Number of protein chains: 2
Amino acid sequence: MRLAELSARSGLPSATIKYYLREGLVPAGETEGSTWARYDESHVRRLRLVRALTEVAGLALEDVRRVVEALESAEPGHASRGAAQWPLSAPVAQEPSEVAVRRVDALLARRGWDLELDSPHRRTLAAALDTVDGLGLPATDEVLDAYAGAAESVAVVDVPRVLAEEDPLVAAERLVVGTLLYEPVLLTLRRMAHEVLSARPS
Amino acid sequence: MRLAELSARSGLPSATIKYYLREGLVPAGETEGSTWARYDESHVRRLRLVRALTEVAGLALEDVRRVVEALESAEPGHASRGAAQWPLSAPVAQEPSEVAVRRVDALLARRGWDLELDSPHRRTLAAALDTVDGLGLPATDEVLDAYAGAAESVAVVDVPRVLAEEDPLVAAERLVVGTLLYEPVLLTLRRMAHEVLSARPS
């Protein structure tokens, strides 16, 4: 298909697509003559992914690039599917405290979560714990266990859905996309639950 | 205290504090002579809140302003505590489909969640459902029920902690802050659970 159809199929203006092509977020089309290129379903799919990551997940283009590169370099296999999500983890602004790091380790041990030592989520979580502690809303072990239980109960539904994909790259992509795109669903439901529970007469 | 101490206590540079003062995100201090002003604990608290909303929750200053204004104008009472969270709900880019709106209504009915008709979370959730549907990862009722159950299980822990506050304005502030600041905790735990479950041999 030509650029105009790619634009219609992806819902993105041609100028935006050209920008993504220049930035390397989308692979170049097959050159046909000197003035136009031919695109296929893989381009439609990639553009929908980039659009979802920017518009829905609210990622900056630099983060979109990290996700796309991680997906392209992911090796087949279970571990790489998990690691494909690492670029989603925001860099921590401040090194977490020793106490917070140990609390994350203890939580992982309590849940039996065998998380890679290199996983950036460890530091991200520890830094988040430092923040809530510093603002007077500390995460007690009871709170952490409730949150981890909730997280696991949605992951149990999420993961089999994406791992049903035979192609490991497609599975990794669906895991990343599913992770990001269902975040607004989960967070909105939590806000709804807050509103409902805080309005109930106690 | 003077500006220098306010800076030390809040962890923000003086220039940033002056900017927030000009922008009205922090109330002015009490003027002492012509060249300096006196600040108190309420300023420390407000600056920590603004810092948390920008650095941790990643809100733009315009959204911080909406949250702060909602907190200042909130009336005492249960309903207003829930409604204080409304400004957190991102405006939806595209009007949700009728189908998605009805699915949200059905979910609320299944859960027995008596959510205000005006709550912006309804449209936010419906729009999120349209997005995941459009990207080939549709939210089945089974998925939605799992997510809503997880959301409720954390809200059950969250809400009593903030409602223990006697001052309704403080309670509203803690609800909003707790909502935003625990979001990274929940999302990081979900990513951890994804990584752990997708790496387990099936």
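One numbering rule holds for all chains: residues counted from 1, following each sequence as written. Written order determines the labels here, with chains lettered from A and ligands numbered from 1. Only residues with pLDDT of at least 70 get local features here, since the model is predicted, and only at 80 or more are side-chain atom pairs given and counted; chain-wide, interface and lining totals rely on the full set of residues. Only heavy atoms go into the side-chain values, all of them from the structure, while hydrogens and water stay out.

1. Things to note about empty space enclosed by the protein
We count it as follows: Computed over the protein atoms alone on a 1 Å grid, cavities are sets of points where a 1.4 Å probe fits but cannot get out and pockets are open sets with protein on both sides within 12 Å along at least five of seven lines; a residue lines them when it has an atom within 4 Å of a point. Grid points are joined across faces, edges and corners, and a volume is the space filled by probe spheres set on the points. Per the convention used, a helix needs a DSSP run of H or I reaching at least four residues, while a strand needs a run of E reaching at least two, with both numbered from the N terminus. Three categories are distinguished: nonpolar for Ala, Val, Leu, Ile, Met, Phe, Trp, Tyr, Cys and Pro, charged for Asp, Glu, Lys and Arg, and polar for the others, with Gly belonging to the last.
Counting across every chain of the model gives two cavities of 30 Å³ or more. The set of elements that each furnish at least two residues to the lining of the largest cavity consists of helix 10 (183-199) of chain A together with helix 8 (141-163) and helix 9 (168-181) of chain B. Here the residues of the lining of the largest cavity are counted per class, giving six nonpolar, three polar and four charged. Computed from the structure, the second largest cavity encloses a volume of approximately 60 Å³.

2. Topic: the packing of aromatic side chains
Stated formally: Any pair of Phe, Tyr and Trp rings, taking the six-membered ring for Trp, is counted once the centres come within 6.5 Å. Such a pair is stacked with planes under 30 degrees apart, edge-to-face with planes over 60 apart, and tilted for the rest. Three exposure classes are used, based on accessible area relative to the maximum for each residue type with a 1.4 Å probe and protein chains only: buried under 20%, partly exposed in between, and exposed over 50%.
Applying the stated criterion to the full structure yields four aromatic pairs over all chains. On the numbers, 6.2 Å between centres and 45 degrees between planes, the contact of A:Tyr19 with A:Tyr20 is tilted. Overall, the relative accessible area of 8% leaves A:Tyr20 in the buried class. Pairing A:Tyr147 with B:Tyr182 gives two aromatic rings, centres 5.4 Å apart and planes at 45 degrees, and the pair type is tilted. Taken together, the residues A:Tyr147 in helix 8 (residues 141-163) and B:Tyr182 in the loop between helix 9 and helix 10 (183-199) connect one chain to another. Of the residues examined, A:Tyr147 reaches a relative accessible area of 0% and is grouped as buried.

3. Some details on the interface of chain B and chain A
A common way to report how large an interface is uses the accessible area buried once the components associate. Quick reminder of the rule: By definition in these notes, contact holds between two residues if any of their heavy atoms fall within 4.5 Å. Once two parts are put together, the accessible area they lose, assessed with a 1.4 Å probe and summed over both, is termed the buried area. One speaks of a salt bridge when a side-chain nitrogen belonging to Lys or Arg is within 4 Å of a carboxyl oxygen belonging to Asp or Glu. Side-chain atoms alone can form a polar contact between residues adjacent in sequence; in general such a contact is a pair of N or O atoms within 3.5 Å, and within protein one must be able to donate a hydrogen while the other accepts it.
Between chain B and chain A, the residue contacts involve 80 residues of the former and 80 residues of the latter. Buried area between chain B and chain A, summed over both chains or domains, comes out near 7,100 Å², and the portion from carbon and sulfur atoms is 71%. At the junction of chain B with chain A, the criterion picks out four salt bridges. In this structure, the salt-bridge partner of B:Arg190 is A:Asp158, at a minimum N-O distance of 3.2 Å. The interface formed by chain B and chain A holds 24 residue pairs in polar contact (both at pLDDT 80 or more) in total. Within the residue set of the side of chain B that touches chain A, elements represented by two or more residues are helix 3 (41-56), helix 5 (78-83), helix 6 (98-111), helix 7 (121-134), helix 8, helix 9 and helix 10 of chain B.

4. As for the pattern of salt bridges
All chains considered together, the criterion is met by 28 salt bridges over all chains. Among the salt bridges present, the one from A:Arg65 reaches A:Glu62, with a minimum N-O distance of 3.7 Å. One end of the pair is A:Arg65 and the other is A:Glu62, both in helix 4 (residues 61-73) and three residues apart, which spans about a single turn. On the basis of relative accessibility, which here comes to 49%, the residue A:Glu62 falls in the partly exposed class. The closest approach of N and O atoms between B:Asp141 and B:Arg103, which form a salt bridge, is 3.2 Å.

5. A short note on the side chain of A:Thr188
Relative to the helices and strands, A:Thr188 resides in helix 10. For A:Thr188, a relative accessible area of 6% translates into the label buried. Those residues in contact with A:Thr188 that lie beyond four places of it in its chain are B:His121, B:Thr124 and B:Leu125.

6. Observations regarding the nonpolar core
Here is the rule: Among the buried residues, those of types Ala, Val, Leu, Ile, Met, Phe, Trp, Tyr and Cys that are joined through side-chain atoms within 4.5 Å form a nonpolar core.
With 117 residues, the main nonpolar core has A:Trp113, A:Val185, A:Leu189, B:Trp113, B:Val185 and B:Leu189 as its most contacted residues. When residues of this core are assigned to their parent elements, the largest contribution, twelve residues, is made by helix 8 of chain A. Beyond its immediate sequence surroundings of up to four residues, B:Trp113 is in contact with A:Leu189, A:Met192, A:Ala193, A:Val196, A:Arg200, B:Leu108, B:Ala148, B:Ala151 and B:Glu152.

7. Some words on the environment of B:Arg48
Inspection of the secondary structure assignment puts B:Arg48 in helix 3. Exposure remark for B:Arg48: the relative accessible area of 33% places this residue in the partly exposed category. For B:Arg48 and B:Ser10, which are 38 residues apart along the polypeptide, the C-alpha to C-alpha distance reads 5.8 Å. With near-sequence residues (within four places) excluded, B:Arg48 lies in contact with A:Leu135 and B:Arg9.

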